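Notes for the structure review
The chain contents come next:
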Amino acid sequence: MMQPGKRFLINRRQFLTANSALGVFFLLQGVPLQTFAGKQSGKRALEFRHFPNALYAFVWRNWGLVPLERMAATVAANPRQLEEIARFMGLPPAPEVTDEQWQRSYLTVVRRNWHLLPNDQLQTLMGWDEAQMDFTLKEDDFFYIKLGSLKPECSPVRYQQLAKIPEEVKRQFSRLLRQAFPKGLPKVQMPYFHFIKELSAPFKAERMPGEPASTAGFTPRLTYPYFALFGDPLLNTSIDSYPDAYLQRLAASGVDSIWMHIVLSKLTPFPWDPSISEHWEQRLKNLQRLSDRARAHGIGIYLYLNEPRHQPEAFYKKYPGLRGQGTALCTSHPEVQRYLENAIAQIVEHAPSIAGFFSITASENPTNCWSHGQGGACARCGPAGPGTVIAALNNTYIQGIRRGYETALAAGKVATRPQLIIWDWGWREDWAGAIIPNLVTTGSLLMSVSEWELDIERGGVRSKVGEYAISAVGPGPRAKRHWKLAKEHGLRTMAKIQVNNSWEIGAVPYIPALYNVAGHIDRLRTEGVSGLMLGWTLGGFPSPNLEVVALMGNDKNLPAADAVRLVAERRFGAAASVITHAWKQFSEAFSKFPYHISVVYTAPLQVGPANLLWQAPTGYKATMVGLPYDDINSWRSIYPQEVFTRLLQELGDAFAGIVQQVEKASEKIALSPEEQQAVFSECQIIETISIHYRSIANQVEFTVLRNGLTEAATDRRNIKARLAALLKQEAVLAGRMAALQISDPRLGFEASNHYFYTPADLYEKVLNCQYLLEHWLPTVPE
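It should be emphasised that the depicted structure is a prediction, and the values quoted were computed from it without experimental measurement.

The next point concerns the overall build of the protein chain. Helix and strand content of the protein chain: 31 helices and 12 strands. Expected size for 782 residues packed as a compact globule is a radius of gyration near 28 Å; at 26 Å, the protein chain falls within 12% of this value. For the protein chain, the C-alpha atoms occupy an extent of roughly 80 × 65 × 50 Å along the three principal directions. Within the span of the protein chain, comprising 782 residues, buried residues form 62% of the whole. Of all intrachain contacts in the protein chain linking residues separated by at least 6 positions in sequence, the fraction that spans at least 24 positions is 79%. Entry remark: accessible area of the protein chain is about 28000 Å², with carbon and sulfur atoms responsible for 52%. The averaged location of the 73 negative side-chain charges in the protein chain is 3 Å from the averaged location of its 81 positive side-chain charges.

Here you go:
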């Protein structure tokens, strides 16, 4: 069999490019899909010249996010010494960092220190050993890929060497701080994750207006919990990712299922190396307790199967016969099949109240010989072909489910037979025709991304949708073809959609394009799908979007506009007509978003005005929903720069206008305090989206002008004037976004990325803009 190497990685990227949205991103970036944490890359980290040195940047970025004692230990200082630096920069006294805050924000901490600390200091800061760092980077929803699959070369940050700065540097920095923040930094903000306290508070669930007593609509209606821990939540139960009141709120919003990320070898014994499965019994017990508790609220739990996980070279030195293509275990090997069936049967037997599983068999992880299109090199899987291999893998899952269910029943346990949702993500078109007819139909559903392959035109540029689109209303041709084939062979069908938000912007709890969402559901009712996956990790906030889906699913004759109106009346009372008009305008404008899968993955859609500006090209490529840098060619993808900038600016301006209209109209209506707060919150969400899009347009224009300065022979004075104007606009947008986030900590948060930015990041952007205005722009010759 072919060993993993350069040719394998290139072929795999070519395969993913042709068959998956994320594959486009990998090919564009040249990212090896199997790399994980290791030594520093040799590529120099970026310098943050708006701080006196890296120590000051370290204190600024970690203040209030990392316990002070651990910060001090990281840079060989004592807490008092760091407090002195913080006071000098105008930071408030160090707040307490609770264990819950830490468990929910560690990805934010890693990301903000990626260009500051070398590996050893980063591990000290996190309180992790190398194994835990590797596990987090690998298993936390491809976090290492979100960081660019490389660790920048960082110099050590030590207090002793960096604390004392020259007096002139100190005076310049003090002056910079005063000019950036003439009134000083705000000292008070709503606590991080305050929304968890609100969503966990008891409440009286009431049936939505117009909702029939029957709940015979789409089922399952599956989402990822809004603030669930992603790494290993079944072992660490000190932090509750699934409070009862939150589950009640989800049920009241029409959700009947949630899903969890698992690693099979952590939940059941791994027969070839039991040490990696330590504490599996406790995880299974916790899964059963959770599934029982969720069932009490009408919520089922589905487990994500991206299995079997690939193994390192050391494993194959001991078990060479188990090797498949590359580093994948060969799922045609009887021992591997036995492991998978036994593991799933054990889960179902010990947690008989789970609702089911969903599988991805052609994903970024090499989980079978054909998962990346190279199975022909395997002596077992090559002759069988991808259709047989992938169908057999899913059928093995089903066999494990059936066996575990029957064992649970025989033992007298109360059990509901779990379902398997078979997701066609990444399947080549010529595979689907061979896979679907060979699937076991009992207890399984075929799921497709609804909007995939939709033809769209934005700003005169034609393309097709991959996934993660609310701006485009499905279903598309690919899903229809696969659903038709599935129904012909006795399979029920599901649509994977994005109801609350998408990577068009995931930094808000939901995108208020309710008419787009309702239009999509209207078409899916006609299509006759059985269930809905309501989103990937982003999308579990109990929102008006979810409620519209529930109403339209439960009453197949309810018009989309009536469903939107009913939800608005329930949530906004006397302001319902104002909000429905705003939603209509927003939905129409949002349909002009410059969608392309590379745009949604690489543009600064999630960080918006928190993305720093640079006086010279960084040389770094934008990463997947992580670090955009100044890589505007990846951001704009297929769109000419002028078109990309214009579309985002028009959207930002349109959304800002909607906010002004809502505020003006609401002043003329007698609203209760609750209605006033609901309207205020809706405006904050719309304004956040406006700020993000306007900021990206500014960043693109700034970068283009900056890059052109070296060639510009004339008109340099006007170029400099425009650069200065853009820097001032960006400082204003960052300051306004900080004010919004201070009052609403939902903004900037997403479950699998934690906070994309904090107020400190936005204040740093203000400082960054002020530095460029004072210390860079004047040095550019005219």
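In this fold, Phe572 is placed in helix H24 (residues 560-572). Note on Phe572: relative accessible area 2%, which makes it buried. Spatially, the C-alpha atoms of Phe572 and Gln676 are 8.2 Å apart, while their sequence positions differ by 104 residues. If sequence neighbours within four positions are ignored, Phe572 has contacts with Ile579, Trp583, Glu675, Ala678, Val679 and Glu682.

Next up on the list: unusual backbone geometry. Following Thr219, the chain continues into Pro220 via a peptide bond in cis, with omega recorded as 0°. Located in the positive-phi region is Tyr468, a residue other than glycine, with phi close to 60°. Tracing the chain through its elements places Tyr468 in the loop between strand S8 (461-464) and helix H21 (477-488).

Moving on to the packing of aromatic side chains. Applying the stated rule across the entire model yields 48 aromatic pairs. Seen from their ring centres, Phe51 and Phe173 are 6.3 Å apart, and the 45° between their planes marks the pair as tilted. Residue Phe51 is found in the loop between helix H2 (21-29) and helix H3 (54-62), and its partner Phe173 is found in helix H11 (residues 167-180); the two are separated by 122 residues along the sequence. The pair Phe51 / Phe173 is uniform in exposure class, with both members buried. With 6.2 Å between their ring centres and 25° between their planes, Tyr510 and Phe541 make a pair best called stacked. Of this pair, Tyr510 sits in the loop between strand S9 (492-496) and helix H22 (514-527) while Phe541 sits in the loop between strand S10 (531-533) and helix H23 (544-554), and the two are 31 residues apart along the sequence. In this structure Tyr510 comes out as buried when scored by relative accessible area, which is 3%. Given the relative accessible area of 9%, Phe541 is considered buried. Taken together, the ring pairs in this structure connect Tyr192, Phe193, Phe195, Tyr226, Tyr510, Phe541, Phe749 and Tyr755 into an aromatic cluster.

Along the chain, Thr758 turns up in the loop between strand S12 (754-755) and helix H31 (759-776). At 3.3 Å, the side chain of Thr758 and the side chain of Arg112 are in polar contact. The contacts of Thr758, once residues within four sequence positions are left out, are Leu65, Thr108, Arg112, Tyr192 and Gln741.

Further remarks concern the sheet that holds strand S4 (residues 356-360). In space, the 8 strands of this closed barrel follow the order S1-S2-S3-S4-S5-S6-S9-S10, with parallel pairing throughout. In this sheet, adjacent strand axes meet at a mean angle of 25° when their direction is disregarded. Relative to strand S6 (residues 444-449), H21 is tilted by about 165°, and along the sheet it contacts S6 and S9.

It is the contact of H3 with helix H6 (residues 99-113), at a shortest axis distance of 10 Å, that shows an interaxial angle of 160°. As summarised for this structure, H3 and H6 are arranged roughly antiparallel, according to the angle between their axes. Where H3 crosses over H6, the two elements pack in a sense that is right-handed. On the side of H3, the interface is formed by Phe58, Arg61 and Asn62, while H6 contributes Val109, Arg112 and Asn113.

This paragraph deals with the pattern of salt bridges. One pass over the full model with this rule turns up 35 salt bridges. Residue Arg706 is joined to Asp630 by a salt bridge in which the shortest nitrogen-to-oxygen separation is 3.0 Å. Here Asp630 lies in the loop between helix H26 (597-602) and helix H27 (632-636) and Arg706 lies in helix H29 (residues 673-708), a separation of 76 residues in the sequence. With respect to class, Arg706 is no different from Asp630; both count as buried. Linked by salt bridges that have partners in common, Glu139, Glu307 and Arg309 make up one network.

Trp60, Leu287 and Tyr693 are the most contacted members of the largest nonpolar core, which has 269 residues in total. Counting residues per element, this core draws most heavily on H29, at 12 residues. If we ignore the near neighbours within four places in the chain, the residues touching Leu287 are Leu234, Met260, Leu267, Ile301, Leu303, Ile347, Ala351 and Ile354.

Turning our attention to the pairing of strand S3 (residues 300-305). With 6 of 6 residues buried, S3 lies mostly within the body of the structure. Of the two faces of S3, the one carrying Gly300, Tyr302 and Tyr304 and the one carrying Ile301, Leu303 and Leu305 are both buried. Sheet topology places strand S2 (residues 257-261) next to S3; 5 bridges connect them, and they run parallel. Across the sheet, residue His261 finds its bridge partner in S3, namely Tyr304. Two elements, S3 and S4, share 4 bridges in a ladder whose sense is parallel. Within S4, the residue paired with Tyr304 across the bridge is Phe358.

Note on helix geometry: an α-helix contains 3.6 residues per turn, so any two residues three or four positions apart are oriented the same way. In this model H24 runs 18 Å from its N-terminal to its C-terminal C-alpha over 13 residues, within 8% of the 18 Å that 1.5 Å per residue would give. Considered for burial, the residues of H24 that qualify are Ala563, Val564, Leu566, Val567, Ala568 and Phe572. Of the surrounding elements, those touching the buried residues of H24 are H22, H23, helix H25 (576-590) and H29.

With respect to the helices, strands and loops of the structure, Pro202 is situated in the loop between helix H12 (194-199) and strand S1 (221-223). Classification of Pro202 by relative accessible area gives exposed; the value is 77%. Each C-alpha atom, one on Pro202 and one on Pro243, is 9.8 Å from the other, the two residues being 41 residues apart in sequence.

Once that is clear, we can look at the side chain of Arg283. With respect to the helices and strands, Arg283 occurs in helix H15 (residues 280-295). Sequence-distant contacts of Arg283, defined by excluding residues within four places in its chain, comprise Asp232, Leu234, Leu235, Lys266, Leu267, Ser277 and Glu278.

Parameters and conventions
Residues numbered from 1 in each chain as written. Predicted model: local features only at pLDDT ≥ 70, side-chain atom pairs only at ≥ 80, totals over all residues. Heavy atoms only, no water. Helix = DSSP H or I, 4+ residues; strand = E, 2+ residues; numbered from the N terminus. Rg over C-alpha atoms; globule rule 2.2 N^0.38 Å. Buried < 20%, exposed > 50% of the residue type's maximum accessible area, 1.4 Å probe, protein only. Contact = heavy atoms within 4.5 Å. Areas by Shrake-Rupley, 256 points an atom, 1.4 Å probe, with all protein chains shown as cover. Lys, Arg positive; Asp, Glu negative; His and termini not counted. Charge placed at Lys NZ, Arg CZ, Asp CG, Glu CD. Phe/Tyr/Trp six-rings, centres within 6.5 Å; stacked < 30°, edge-to-face > 60°. Polar contact = N/O pair within 3.5 Å; in protein donor to acceptor, adjacent residues only side chain to side chain. Pairing = 2+ DSSP bridges. Axes fitted to C-alpha atoms, helices over the stretch in contact; angles between N-to-C directions. Parallel < 35°, antiparallel > 145°, perpendicular 65-115°, else oblique. Left-handed = near helix turned anticlockwise from the far one by under 90°. Salt bridge = Lys/Arg side-chain N within 4 Å of Asp/Glu carboxyl O. Core = buried A, V, L, I, M, F, W, Y, C linked by side-chain atoms within 4.5 Å. Expected span 1.5 Å × (residues − 1).

Shape descriptors only; they carry no functional weight alone.
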